[in-house]
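Spelled out, the chains give:
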Amino acid sequence: MNFKRSIRSAMATAMVLGAVGLFSGTASAATSGNGYCESGDSCFYYLKSQSSYIFDPETNIPNFSPMDYARQTSISPNDNTMSYWNRSSRTWHVYTNSFRGGVHGWVPAGHKGDTSSNFTNSISSAYNFA
């Protein structure tokens, strides 16, 4: 009997420690939407060369219009994006109109650069299809 209780106790302890380890691993991940381009984020910048205000959505954004840059709440990223840096592990798909409308482009994982003439100050929605 005591042996079975010891095994159950050890298993319960291992499960708790595993859960704590899993939680602490998640806590160190990027905090999307905070205006910093951290590892794991996909970042859209107000100006060229990944400079100025940052829009770092956590999930699909079908309409940039009601959103704003985290550090400049009077400016919407809608039609106000000139560069990007995809620090996430997923490809992000961008569109020049809301709800996947208009011209479609994509930003592969790990890629950064200035927007092309089709997308400079024209991005209105983004999806990573997660």
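That block above? That's the structure.
Because the structure is predicted, anything quoted here is derived from the model rather than measured.

1. Things to note about the sheet that holds strand β6 (residues 112–114)
Strand order in the open sheet made by the four strands is β2-β1-β3-β6, with antiparallel pairing throughout. In this open sheet, the two edge strands, each paired with only one partner strand, are β2 (51–55) and β6. Ignoring strand direction, the axes of neighbouring strands in this sheet form an average angle of 25°. Pairing of strand β1 (residues 42–47) with β2, which is carried by three bridges, proceeds in the antiparallel orientation. Looking across to β2, one finds that Leu47 is bridged to Ser51.

2. Side note on the state of the cysteines
In the structure shown here, the tally under the stated rule is one disulfide. There is a disulfide in this structure between Cys37 and Cys43, and the S-S distance comes to 2.2 Å. Taking the torsion about the sulfur-sulfur bond, which here is approximately 100°, the covalent link between Cys37 and Cys43 counts as right-handed. Overall, the relative accessible area of 0% leaves Cys43 in the buried class.

Conventions adopted
Residues numbered from 1 in each chain as written. Predicted model: local features only at pLDDT ≥ 70, side-chain atom pairs only at ≥ 80, totals over all residues. Heavy atoms only, no water. Pairing = 2+ DSSP bridges. Helix = DSSP H or I, 4+ residues; strand = E, 2+ residues; numbered from the N terminus. Axes fitted to C-alpha atoms, helices over the stretch in contact; angles between N-to-C directions. Disulfide = S-S within 2.5 Å. Buried < 20%, exposed > 50% of the residue type's maximum accessible area, 1.4 Å probe, protein only.

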